[in-house]
Amino acid sequence: LEDIGMVVYKPQGIFICRSCSTGVDAQHLLTHIANHKLVNRVNAEHLEYIKKHYGIRSAMDISPPQDKHSIPFLTINDGYMCPHCDRILLTKGSMLKHLSKEHRGVPGSKSVEYRQVKCQTLFPVPCRHFEVIPPPTPITTAFERWLQDSKEKTFFDPKATPTAVQV
């Protein structure tokens, strides 16, 4: 799997392509690998063994995770959640079309406020977005580490309102 840039996400039982950050349906794995020009390294018998060993399932049989934890290696997108159903769309234009088509006649659907969310999809097809809570950004610089350490040792209350001081 490492040779072909794939990982297996065991909780969902899916292949994830590391180069394009998408889930790959087990039925389309060889085609996907061929698109990345790695087909000469793939042994179909080994892939069948891996599918059985890890319990890889078809995309249609897999439902999105319910705990809102993001799935590693999958792209995290900005999206908009419909206030009337659980549909998540990536653009405001798509959301407006959805509201006018699916929720026509619902009171307040013209001036409705939809919520911005972070979302992922397991597979490009079928594309079913689900809300996720992104992982915290890792501390990468020494300055960020110093800020984090200093915040824990300081007596400064960041929620306090500043007061003017006369000198």
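Summary of the structure given here. (Residues numbered from 1 in each chain as written. Predicted model: local features only at pLDDT ≥ 70, side-chain atom pairs only at ≥ 80, totals over all residues. Heavy atoms only, no water.)

## Some words on the pairing of strand 1 (residues 6-9)
Two strands pair when backbone bridges link them, and strand 1 and strand 2 (residues 14-17) are joined in this way by four bridges, in the antiparallel orientation. Bridge assignment links Tyr9 to a residue of strand 2, and that residue is Ile14. Linking strand 1 back to strand 2 in an antiparallel pair, the connection comprises four residues, with Gly13 at a positive phi of about 70°. (Pairing = 2+ DSSP bridges. Helix = DSSP H or I, 4+ residues; strand = E, 2+ residues; numbered from the N terminus.)

## A closer look at the layout of surface pockets
Considered as a void within the structure, the largest pocket measures approximately 330 Å³ in volume. Considering every element that reaches the lining of the largest pocket, the biggest residue donor is strand 7 (residues 129-131), with three residues. Of the residues contributing to the lining of the largest pocket, the split by class is eight nonpolar, two polar and five charged. (1 Å grid on protein atoms, 1.4 Å probe; cavity = no way out; pocket = protein on both sides within 12 Å on 5 of 7 lines; lining within 4 Å. Points joined across faces, edges and corners; volume = space filled by probe spheres on them. Nonpolar A, V, L, I, M, F, W, Y, C, P; charged D, E, K, R; others polar.)

## Some remarks on the sheet that holds strand 5 (residues 88-89)
Read from one edge to the other, the open sheet built from four strands follows the order 5-4-6-7, with strand pairing classed as antiparallel. Of all strands in the sheet, those with a lone pairing partner are strand 5 and strand 7, marking the two edges.

## Comments concerning helix 3 (residues 92-102)
Every buried residue belonging to helix 3 is among Met95, His98 and Leu99, and all of these are buried. Projected onto a plane normal to the axis of helix 3, the buried residues spread over an arc of 95° and lie on a single side. Across from the buried face of helix 3, at angles greater than 90 degrees, the exposed residues are Lys97 and Lys101. Its buried side turned inward, helix 3 meets strand 4 (77-81) and strand 5. (Buried < 20%, exposed > 50% of the residue type's maximum accessible area, 1.4 Å probe, protein only. Arc of directions from axis to C-beta. Contact = heavy atoms within 4.5 Å.)

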